[in-house]
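# Residue-level structural notes
Residue strings, one per chain:
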Amino acid sequence: MSYTYIVQNIGSSFAFDVTVSESAGLFTGTNTPLPTPAYQSGGTNEDGEGDAIDLRPGASATFTAVYTINQQDINSGQVDNQAIANAVDDNEIQFQMFLMTVTMATVIQRMILPKLY
Ligand SMILES: [Ca+2]
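Our subject in this report is the structure included herewith. Predicted model, so just to flag it, every value in this text is computed and none were measured.

Next up on the list: the overall build of the protein chain. Regarding its fold elements, the protein chain presents one helix and seven strands. The order of α-helices and β-strands along the protein chain, N terminus first, is β-β-β-β-α-β-β-β. The buried share among the 117 residues of the protein chain stands at 37%. Here the protein chain displays about 6,100 Å² of accessible surface, and carbon together with sulfur accounts for 51% of that area.

See the structure below:
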């Protein structure tokens, strides 16, 4: 089962050092490990630090992860998942956004930045 996460900055300010993470409390799959979102493409290096990707207003980046469904997941009929996008704003304040719930399938999760403190 492959997840694609699209993180889009629909705000008017930059989002720096964008990462996507999964939380066991927001994931109903029973197999381990949790999906580990990895950066794939998109975004730019706006802070000049060459670290995690940055998003200009309107820009988006793609992350992907893989999770192996087990028999217990199949029996329950679905795997629900919310992922978390982490970023830093112009004032270096950390903020997070939650991705939409998805079910067992190849899915695209579209995340809307910013801004939920
Ligand atoms: Ca950066």
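On to the coordination of the calcium ion, then. Within the protein, the calcium ion binds to Asp17 (OD), Asp47 (OD), Asp47 (OD), Asp51 (OD), Ala52 (O), Asp54 (OD) and Asp54 (OD); these donor distances fall in the range 2.2 to 2.9 Å. Each donor residue of the calcium ion belongs to the same chain, with the gaps between them written as D-x29-D-x3-D-A-x1-D. On the criterion of sequence distance, the pair formed by Asp17 in strand S2 (residues 16–27) and Asp47 in the loop between strand S3 (38–42) and strand S4 (60–66) is long-range, its members being 30 residues apart. Here Asp17 falls in the partly exposed class, since its relative accessible area comes to 22%. For Asp47, a relative accessible area of 22% gives the class partly exposed.

Looking now at the pattern of salt bridges. For side chains bearing opposite charge, pairing can occur when the charged atoms are close. A full pass over the atoms with the stated rule returns one salt bridge. The salt bridge partner of Glu46 is Arg56, with a shortest N-O separation of 2.7 Å. Pair noted here: Glu46 is in the loop between S3 and S4 and Arg56 is in the loop between S3 and S4, with a separation of 10 residues, a long-range link. Judged by its relative accessible area of 25%, Glu46 is partly exposed.

Our focus in this paragraph is the packing of aromatic side chains. Scanning the entire structure with this criterion turns up three aromatic pairs. Ring centres 4.8 Å apart and planes at 85° place the aromatic pair Phe27 and Tyr67 in the edge-to-face group. Placement of Phe27 in strand S2 and of Tyr67 in the loop between S4 and helix H1 (71–76) is noted, with a sequence separation of 40 residues between them. We note that Phe27, like Tyr67, is buried. With a centroid separation of 5.7 Å and an interplanar angle of 75°, the aromatic rings of Tyr39 and Phe63 are classed as edge-to-face. Separated by 24 residues along the polypeptide, Tyr39 in strand S3 and Phe63 in strand S4 bring together distant segments of the chain. Note on Tyr39: relative accessible area 39%, which makes it partly exposed.

Looking now at unusual backbone geometry. In this chain, Thr32 is followed by Pro33 through a cis amide linkage whose omega measures 0°. Position of Pro33 among the secondary structure elements: in the loop between S2 and S3. Although it is not a glycine, Asp17 adopts a positive phi angle of roughly 50°. For Glu92, which is not a glycine, the phi torsion comes out positive at approximately 60°. Structurally, Glu92 is set in the loop between strand S5 (81–88) and strand S6 (94–98). Among the residues examined, Glu92 registers a relative accessible area of 68% and is labelled exposed.

Parameters and conventions
Residues numbered from 1 in each chain as written. Predicted model: local features only at pLDDT ≥ 70, side-chain atom pairs only at ≥ 80, totals over all residues. Heavy atoms only, no water. Helix = DSSP H or I, 4+ residues; strand = E, 2+ residues; numbered from the N terminus. Buried < 20%, exposed > 50% of the residue type's maximum accessible area, 1.4 Å probe, protein only. Areas by Shrake-Rupley, 256 points an atom, 1.4 Å probe, with all protein chains shown as cover. Donors = N, O, S within 2.8 Å, 3.2 Å for Na, K, Ca; no water. Salt bridge = Lys/Arg side-chain N within 4 Å of Asp/Glu carboxyl O. Phe/Tyr/Trp six-rings, centres within 6.5 Å; stacked < 30°, edge-to-face > 60°.

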